[in-house]
Amino acid sequence: MGRALINVPATAKAGDIIEIKALVAHVMETGYRHEVDGKPIPRDIINHFTCAYNGVVVFEADFYPAIAANPFLSFTTIATETGVLTFIWTDDKAEKQVETARITIT
Amino acid sequence: MPSPATRRDVLILGAGAAGSILLTRPSAATPEQMREAILELTNGAPIRPGKVHIDVPPLVENGNSVPITVSVDSPMTADAHVTLIALFNEKNPQPNVGTFRMGPRSGKARVATRIRLATSQQLTAIARLNDGSFWSDKVDVIVTIAACTEDS
């Protein structure tokens with residue numbers, strides 16, 4: 001998998017609802033396209049995403065081929081404590097890409 | 001010496017080529033397949049219109065990347081919250097688009113992503129609440145450049 005872009009506020013007040021944006025570079029090949037010679041291009045997509053806040057999963061997504069290339073997600077979570085947000089993308093080959101972001105509660 | 005192709009030969013070749021193109025085209029999902037996919041999620045529970053809002057441009061120039069936001073009216077407390085939002089389409093090759101799981105720690109029941117649309121069609125978003133009820137919204141989208149099925 002490719003480069004990931006994650007947007008998490010560096011600081012927040014406890015109880016704040018924070019917006020998280022996460023994007024990863026990936027072709028998200030649908031499996032419905034063909035080469036010029038007619039050979040089908042095999043499906044290769046990220047099918048699962050999780051976001052955990054200090055180890056507790058707070059958001060999860062299942063993707064199908066209708067999710068655009070370089071899948072982008074924006075969602076919210078409540079800032080509770082200083083710690084680490086862990087983002088995991090899993091593709092059809094069960095390969096994982098793991099990224100983290102720190103958040104400090106003021 | 002090979003004889004030049006007759007008009008009939010050309011027509012037969014043409015018909016054969018057209019036939020093979022039709023055969024290799026991917027099958028599109030149908031509104032019935034979408035209903036089946038939704039039934040798999042709800043297990044036959046009633047779906048009420050309301051609470052859910054799909055925000056998507058009504059006219060899309062490029063179906064390869066369509067920004068979409070789904071939000072649900074919910075206090076998102078431990079007692080009353082959205083557990084799942086699922087997005088469906090009726091005319092892409094597959095009826096499912098994405099499924100998003102959340103809970104009271106989300107603060108808001110809202111998710112945004114970018115999707116592919118093979119053609120103009122209706123999108124359906126379904127939200128499941130923690131009390132087991134299902135709510136939905138539908139929206140029509142017109143697409144001028146299709147996604148998914150074009151060859152590379």
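A. Layout of the overall build of chain B. If you tally the helices and strands in chain B, you get two helices and nine strands. Counting helices and strands in the order they occur from the N terminus, chain B gives α-α-β-β-β-β-β-β-β-β-β. Expressed as a percentage of the 152 residues in chain B, the buried residues total 41%. The long-range share in chain B, meaning contacts at least 24 apart out of those at least 6 apart in sequence, stands at 66%. As displayed, chain B has an accessible area near 8,200 Å², and 57% of this comes from carbon and sulfur atoms.

B. How the structure looks around the side chain of Asn 92 of chain B. All names here are of chain B. With respect to the helices and strands, the residue Asn 92 is situated in the loop between β5 (82–89) and β6 (96–101). For Asn 92, a relative accessible area of 1% gives the class buried. Of the polar contacts made by the side chain of Asn 92, one reaches the side chain of Gln 121; its length is 3.0 Å.

C. Just helix α2 (residues 31–42) of chain B, in detail. In this model, α2 of chain B (twelve residues) spans 16 Å end to end at C-alpha, consistent with the 16 Å of a helix rising 1.5 Å per residue. Asn 43 of chain B occupies a position one or two residues after α2 of chain B and carries a positive phi of about 60°.

D. Structural detail: the pattern of salt bridges. Within this structure, the stated rule accounts for seven salt bridges over all chains. The shortest N-O distance in the salt bridge between Arg 43 of chain A and Asp 92 of chain A comes to 3.0 Å. Here Arg 43 of chain A, found in the loop between β3 (17–24) and β4 (46–53), pairs with Asp 92 of chain A, found in the loop between β7 (83–91) and β8 (96–105); they are 49 residues apart in sequence, far enough to count as distant. On the basis of relative accessible area, Arg 43 of chain A is assigned to the partly exposed category, the value being 39%. The closest approach of N and O atoms between Arg 35 of chain B and Glu 32 of chain B, which form a salt bridge, is 3.2 Å. Placement of the pair is Arg 35 of chain B and Glu 32 of chain B together in helix α2, with a separation of three residues, close to one helical turn.

E. Expanded view of the environment of Ala 25 of chain A. All names here are of chain A. Looking at where Ala 25 falls in the secondary structure, it is placed in the loop between β3 and β4. The spatial distance from the C-alpha of Ala 25 to the C-alpha of Asn 70 is 4.4 Å, given a sequence separation of 45 residues. Dropping the residues within four chain positions of it, Ala 25 is found in contact with Met 1, Gly 2, Arg 3 and Asn 70.

F. Region of interest: the nonpolar core. With 55 residues, the main nonpolar core has Phe 49, Phe 59 and Phe 87 of chain A as its most contacted residues. Look past the residues within four positions of Phe 49 of chain A in its chain and what remains in contact with it is Ala 22, Phe 59, Glu 60, Ala 61, Phe 63, Leu 73, Phe 75, Phe 87, Ile 88 and Trp 89 of chain A. By size, the runner-up hydrophobic cluster in this structure holds eight residues, among which are Ala 37, Leu 84, Ile 126 and Phe 134 of chain B.

Parameters at a glance
- Residues numbered from 1 in each chain as written.
- Chains lettered and ligands numbered in written order.
- Predicted model: local features only at pLDDT ≥ 70, side-chain atom pairs only at ≥ 80, totals over all residues.
- Heavy atoms only, no water.
- Helix = DSSP H or I, 4+ residues; strand = E, 2+ residues; numbered from the N terminus.
- Buried < 20%, exposed > 50% of the residue type's maximum accessible area, 1.4 Å probe, protein only.
- Contact = heavy atoms within 4.5 Å.
- Areas by Shrake-Rupley, 256 points an atom, 1.4 Å probe, with all protein chains shown as cover.
- Polar contact = N/O pair within 3.5 Å; in protein donor to acceptor, adjacent residues only side chain to side chain.
- Expected span 1.5 Å × (residues − 1).
- Salt bridge = Lys/Arg side-chain N within 4 Å of Asp/Glu carboxyl O.
- Core = buried A, V, L, I, M, F, W, Y, C linked by side-chain atoms within 4.5 Å.

Geometric descriptors of this kind do not, in isolation, establish any biological role.
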